[in-house]
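# A look at the structure
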Amino acid sequence: MVLLSEISDPKNDFNLNIPRYVNTQDSDDEDIHNIEAHLLGGIPEKDVHDLAKYWNAFPTLQQTLFKHNSRSGFYDLLVEPVILKKTIVEHPDFAAYSLKVDEVIASWREKHVPYLKQIDSGVKPKETMWYLSEDLLQKFSAIPLLDKYDIYQTLLNYWKTIMQDDVYQIADEGWKAIVAKDEKKKTWTCDLLPKYLVIDKFFQPEQEHIAKLESDREAIKQQLIELEEEHGGEEGLLADAKNDKDKVTKVGVQKRMKEITGDADYADELEILEKYLELSEAEATMGKQIKESETLLDKKLLEKYKTLTPEEIKELVVDDKWMTTIEKEIKTEVGRITQRLSQRIKELSERYECTLSDISGKVTGYETKVREHLAKMGFDFSF
């Protein structure tokens, strides 16, 4: 925070250039290495205690992750670095913390969903944003580890990219799912109410059917790839079905089949060609079915848009679009907490993992091996 008196001071003259007031250089304390830990191992007590803000938020987590070293002033890590983040996420303290964050989000949502659903044409978007953001700042002020301004920034980013345009459209047109058609490309879109929201709400069976077709098609494609990898070499059974770009093609397969059909000497090659052609035709048929299903769904979807009531539009936009996205972004910030903590502990563990004696032993071992190899090459070390 910068005082208005500082900004209005003649030396600044209301200049809002950030570097005048904030040091943009990295101001973090220097990460000092511990010589004794490098020599004898263990994680310094100071480094563990520097993570106090995490131990305050997760009271028993430190005992799960660390134990006292045999030397005073040092800790040993109890958990393998590769499962650090998993251990933190699954710890009861973090679960309780996440639940508290969820409760704050739910409280904010409960207060503002009714407000957002009652806005209509003529609403002032900037006032809407102020109302949402001020309450969000207030509610997250008491949550440790989460900077309330980071939470505010998630809302602001979403406001700038999506929500602001939506609210301005509502201010102009009210709650209407206005469809924009591209006659040239024969496509259509709706900015306020994206297609996926309506599909998820009203056309789940159709979407699942298309997803199943796509999954089956990918499985066939994988079989074709495997067949080509196995038999597509220079001496492979699909070698003569390739084009000038060294790619097996359906046309090439059909041409080669005509050339060798009826010749017993090429029975193995014909079998592979037939299998490739069968898979290729199945993949093409599946692609056609997917396109037809998508076209049919798109027609149903467009008809549905015409019958959506304002209440349905409000539910889809406010609940499923705005609030769901904002909640997801806030929970991403919670996820970053575990990432930062696990990364720091992993860094400390790796820093002091190898002691001087470990390194000296490795050097001695390598030196012995080198001398043995040189001796076999005829070098004399007797001098």
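As shown above, the structure is provided for reference.
Attention here is on the structure that accompanies the text. (Residues numbered from 1 in each chain as written. Predicted model: local features only at pLDDT ≥ 70, side-chain atom pairs only at ≥ 80, totals over all residues. Heavy atoms only, no water.)

### What to know about the overall build of the chain
Check the secondary structure of the chain and you find 15 helices and five strands. Against the 2.2 N^0.38 benchmark of 21 Å for 383 residues, the chain shows a C-alpha radius of gyration of 33 Å, more extended than a compact globule. Taken over the C-alpha atoms alone, the chain extends approximately 95 × 85 × 45 Å along its principal axes. The long-range fraction of contacts in the chain, counting pairs at least 24 apart against all pairs at least 6 apart in sequence, stands at 69%. A total of about 24,600 Å² of accessible surface is found on the chain, and carbon and sulfur atoms cover 52% of it. The chain carries 54 positive and 76 negative side-chain charges, and their two centres are separated by 4 Å. (Helix = DSSP H or I, 4+ residues; strand = E, 2+ residues; numbered from the N terminus. Rg over C-alpha atoms; globule rule 2.2 N^0.38 Å. Contact = heavy atoms within 4.5 Å. Areas by Shrake-Rupley, 256 points an atom, 1.4 Å probe, with all protein chains shown as cover. Lys, Arg positive; Asp, Glu negative; His and termini not counted. Charge placed at Lys NZ, Arg CZ, Asp CG, Glu CD.)

### Here's the deal with unusual backbone geometry
For F14, which is not glycine, the phi torsion reads 65° and is therefore positive. As for its placement among the helices and strands, F14 is situated in the loop between α1 (4-8) and α2 (35-40). Of note in the backbone geometry, K186 takes a positive phi value of approximately 55° without being a glycine. For K186, the location among the structural elements is in the loop between β4 (180-182) and β5 (187-189). Taking the relative accessible area as the measure of exposure, K186 reaches 75% and is therefore exposed. (Buried < 20%, exposed > 50% of the residue type's maximum accessible area, 1.4 Å probe, protein only.)

### Side note on the side chain of D47
On the secondary structure map, D47 appears in helix α3 (residues 45-49). Among the residues examined, D47 registers a relative accessible area of 6% and is labelled buried. Aside from chain neighbours lying at most four places away, what touches D47 is R344, L348 and Y352.

### Examining the nonpolar core
Counting 90 residues, the largest nonpolar core has W55, F140, L193 and W322 as its most contacted members. Excluding anything up to four places from it in sequence, W55 contacts V48, L61, Q62, L65, F66, L341 and I345. (Core = buried A, V, L, I, M, F, W, Y, C linked by side-chain atoms within 4.5 Å.)

### Some details on the pattern of salt bridges
A side chain of one charge can pair with a side chain of the opposite charge when the charged atoms of the two come close. Using the criterion set out here, one finds 27 salt bridges in the structure. A salt bridge links R344 to D31; its shortest N-O distance comes to 2.9 Å. Linking R344 in helix α14 (residues 310-351) with D31 in the loop between α1 and α2, this pair joins segments that are 313 residues apart in sequence. Judged by relative accessible area, which is 31%, D31 ranks as partly exposed. Here D50 ties to K46 by a salt bridge, and the two come within 2.9 Å at their closest N and O atoms. Judged by its relative accessible area of 47%, D50 is partly exposed. Taken together, the shared-partner salt bridges in this structure form one network comprising D31, D47, R344, E347 and R351. (Salt bridge = Lys/Arg side-chain N within 4 Å of Asp/Glu carboxyl O.)

### Points about the sheet that holds strand β3 (residues 74-77)
Spatial strand order, β1-β3-β2: three strands in an open sheet with antiparallel pairing. Looking at the sheet topology across the chains shown, the edges are occupied by β1 (43-44) and β2 (66-68). In this sheet, β3 lies alongside β1 in antiparallel orientation, the contact comprising two bridges. Looking at β3, one finds that P44 is bridged to F74. (Pairing = 2+ DSSP bridges.)

### Focus on helix α11 (residues 204-231)
Helix length check: α11, at 28 residues, gives a terminal C-alpha distance of 41 Å against a target of 40 Å (1.5 Å per residue), a fit within 8%. Along α11, the residues that are buried comprise I210, L213, I220, L224, L227, E228 and H231. The inward-facing, buried residues of α11 contact α13 (267-307). (Expected span 1.5 Å × (residues − 1).)

### With respect to the packing of aromatic side chains
The relation between two aromatic rings is expressed through the spacing of the ring centres and the mutual angle of the planes. By the definition in use, this model includes eight aromatic pairs. Taken together, a centroid distance of 6.0 Å and an interplanar angle of 65° make the contact between F66 and Y75 edge-to-face. Judged by relative accessible area, which is 7%, Y75 ranks as buried. Consider the rings of W188 and Y305, whose centres lie 5.1 Å apart with planes at 80°: the pair is edge-to-face. One end of the pair, W188, is in strand β5; the other, Y305, is in helix α13, and 117 residues separate them in sequence. Among the aromatic residues, those joined into a ring-pair cluster are W55, F66 and Y75. (Phe/Tyr/Trp six-rings, centres within 6.5 Å; stacked < 30°, edge-to-face > 60°.)

### A closer look at helix α8 (residues 125-139)
Working note: α-helix, 3.6 residues per turn, so residues spaced by three or four point in the same direction. Its 15 residues give α8 an end-to-end C-alpha distance of 22 Å, which sits within 8% of 21 Å, the value for a rise of 1.5 Å per residue. Taken residue by residue, α8 has P125, T128, M129, L132, S133, D135, L136 and L137 as its buried positions. Contact partners of the buried residues in α8: α7 (92-118), α9 (148-173) and α14.

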